[in-house]
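Listed here are the chains, written in short residue letters.
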Amino acid sequence: MEKYSRNPTIDTMLNHASCRKFTDEKVSDEDIAAIFRAAQSASTSYFLQVTSIIRITEQALKEKIAVLAGNQKHVAQAPELWIFCADYHRNQVEFPESDLGWNEQFLVGIQDAGIMAQNAFAALESLGLGGCYIGGIRNGIQEIDRLLALPQNVFPVFGLAFGHPAEHAGLKPRMPAAVTFMENSYREPDPEVMKRYNELMRKYYESRSSNAKNVDWTENMIGYMKKERRTYMKDYVQGKGWDLK
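Residues numbered from 1 in each chain as written. Predicted model: local features only at pLDDT ≥ 70, side-chain atom pairs only at ≥ 80, totals over all residues. Heavy atoms only, no water.

### A few points about the overall build of the chain
Secondary structure assignment for the chain yields 11 helices and 4 strands. Taken over C-alpha atoms, the radius of gyration comes to 20 Å for the chain, in line with the 18 Å a tight globule of 245 residues would show. By principal-axis analysis of the C-alpha atoms, the chain measures approximately 55 × 45 × 40 Å. Counting all 245 residues of the chain, 38% fall into the buried class. Of all intrachain contacts in the chain linking residues separated by at least 6 positions in sequence, the fraction that spans at least 24 positions is 75%. Roughly 14,800 Å² of accessible area belongs to the chain as shown, and the carbon and sulfur atoms make up 52% of that amount. One finds the centroid of the 29 positive side-chain charges in the chain at a distance of 6 Å from the centroid of its 31 negative side-chain charges. (Helix = DSSP H or I, 4+ residues; strand = E, 2+ residues; numbered from the N terminus. Rg over C-alpha atoms; globule rule 2.2 N^0.38 Å. Buried < 20%, exposed > 50% of the residue type's maximum accessible area, 1.4 Å probe, protein only. Contact = heavy atoms within 4.5 Å. Areas by Shrake-Rupley, 256 points an atom, 1.4 Å probe, with all protein chains shown as cover. Lys, Arg positive; Asp, Glu negative; His and termini not counted. Charge placed at Lys NZ, Arg CZ, Asp CG, Glu CD.)

### With respect to the packing of aromatic side chains
Across all of its chains, the model carries 10 aromatic pairs by this definition. Relative to Phe158, the ring of Tyr133 has its centre 5.3 Å away and its plane inclined at 70°; by these criteria the two rings are edge-to-face. Taken together, the residues span a long stretch of sequence, with Tyr133 in strand 3 (residues 130-134) and Phe158 in strand 4 (residues 154-163) at a distance of 25 residues. Through a chain of ring-to-ring contacts, the aromatic side chains of Phe84, Phe121, Tyr133 and Phe158 assemble into a single cluster. (Phe/Tyr/Trp six-rings, centres within 6.5 Å; stacked < 30°, edge-to-face > 60°.)

### Topic: the nonpolar core
Ranked by size, the top nonpolar core spans 31 residues in total, and within it Ile35, Phe84, Leu124, Phe155, Leu160 and Phe162 carry the most contacts. Contributing elements (two or more residues each) for this core: helix 2 (29-40), strand 2 (80-87), helix 6 (103-126), strand 4 and helix 11 (233-239). Counting residues per element, this core draws most heavily on helix 6, which supplies 9 residues. Ile56, Ala66, Ala69 and Ile134 belong to the second-largest nonpolar core, a separate cluster that totals 21 residues. (Core = buried A, V, L, I, M, F, W, Y, C linked by side-chain atoms within 4.5 Å.)

### Some details on the environment of Val50
Assignment of secondary structure puts Val50 in the loop between helix 2 and strand 1 (51-55). Along the chain, Val50 and Gln105 lie 55 residues apart, while their C-alpha atoms are 9.5 Å from each other. Excluding residues that lie within four positions of it along the chain, Val50 makes contacts with Thr44, Cys85, Ala86, Asp87, Tyr88, Arg90, Asn91, Val108, Gly109 and Asp112.

### A few points about helix 2
The terminal C-alpha atoms of helix 2, which comprises 12 residues, lie 16 Å apart, in line with the 16 Å expected from a rise of 1.5 Å per residue. Looking at helix 2, one finds that the buried residues are Asp31, Ile32, Ile35 and Ala39. Mapping the buried residues of helix 2 onto a view down its axis gives an arc of 100°, with all of them on the same face. Projecting away from the buried face of helix 2 at angles above 90 degrees are the exposed residues Asp29 and Glu30. Each element contacted by the buried residues of helix 2 is listed here: strand 1, strand 2, helix 6 and strand 4. (Expected span 1.5 Å × (residues − 1). Arc of directions from axis to C-beta.)

### A few points about the packing of helix 2 against helix 6
At a closest axis distance of 7 Å, the pairing of helix 2 and helix 6 adopts a crossing angle of 140°. Crossing of helix 2 against helix 6: the hand is right-handed. Here Ile35, Phe36, Ala38, Ala39 and Gln40 of helix 2 lie close against helix 6, whose contacting residues are Met116, Asn119, Ala120, Ala123 and Leu124. Considered class by class, the residues forming the contact of helix 2 with helix 6 number 8 nonpolar, 2 polar and no charged. (Axes fitted to C-alpha atoms, helices over the stretch in contact; angles between N-to-C directions. Left-handed = near helix turned anticlockwise from the far one by under 90°. Nonpolar A, V, L, I, M, F, W, Y, C, P; charged D, E, K, R; others polar.)

### Considerations on unusual backbone geometry
The backbone of Asn153 shows a phi angle near 70°, a positive value even though the residue is not glycine. Tracing the chain through its elements places Asn153 in the loop between helix 7 (141-147) and strand 4. The residue Arg230 is not glycine, and still its phi comes out positive at about 50°. With respect to the helices and strands, Arg230 occurs in the loop between helix 10 (217-225) and helix 11.

### A look at the pattern of salt bridges
If you walk through the whole model with that rule in mind, you get 6 salt bridges. Between Arg146 and Glu143 there is a salt bridge, and its shortest N-O distance comes to 2.4 Å. Linking Arg146 with Glu143, this pair stays in helix 7, spanning 3 residues, or about one helical turn. By relative accessible area, which is 32% here, Glu143 ends up partly exposed. Bridged by salt links that share partners, the residues Arg202, Asp216 and Glu219 form one connected network. (Salt bridge = Lys/Arg side-chain N within 4 Å of Asp/Glu carboxyl O.)

As structure tokens, this is what we get:
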């Protein structure tokens with residue numbers, strides 16, 4: 001466990017790891033309220049507050065979302081499933097003359113959802129809970145949109161499944177600061193630094209207790225980077241009112 005001895009908040013963040021196996025114990029109402037309040041306290045651009053969270057409490061609905069998200073069993077098993085949505089509908093209700101559909105608004109909606117969700121994640125881990133993000137909800141986004149009865153100008157960005165962890169995953173090595181932390185201008189990645197990182201990641205992947213594989217970071221990334229995924233997303237967001245002007 002990585003520690004920064006003077007600050008337990010940073011200790012929690014340094015020891016973040018995705019959790020996909022949960023016990024049957026429910027998350028207490030007190031913890032749910034605290035996690036939501038922490039999420040709501042996140043920064044929001046221009047104080048627009050364009051994020052809404054839909055908490056999925058119906059097991060049948062949770063199971064449908066799990067299938068639509070790519071048959072991810074942990075989505076259905078997790079005691080808590082929250083869907084973070086970018087939401088300009090509420091703002092338009094308050095100000096019907098709103099001029100929506102702009103690139104900047106779209107980016108702010110996604111940005112604010114991410115900031116809010118990360119506050120929630122840090123809070124739940126500080127309470128001894130574990131979870132993982134569910135980007136897979138975009139696999140079946142049209143049907144999930146229908147199931148959640150989302151109005152125009154509201155779209156689901158990702159889910160967050162969490163609960164009491166049944167196991168603690170090992171920490172996944174991040175890239176060194178030498179290639180990710182820059183000063184004053186962009187610096188091209190050092191090939192030697194990346195080579196050492198790839199060697200470290202190969203050892204990590206080989207040593208995992210589940211889903212072990214003999215690849216490094218670059219080899220693992222290729223499958224994602226070599227072709228576009230979810231090509232229907234442009235049509236979907238435009239259909240929800242985001243012409244991206």
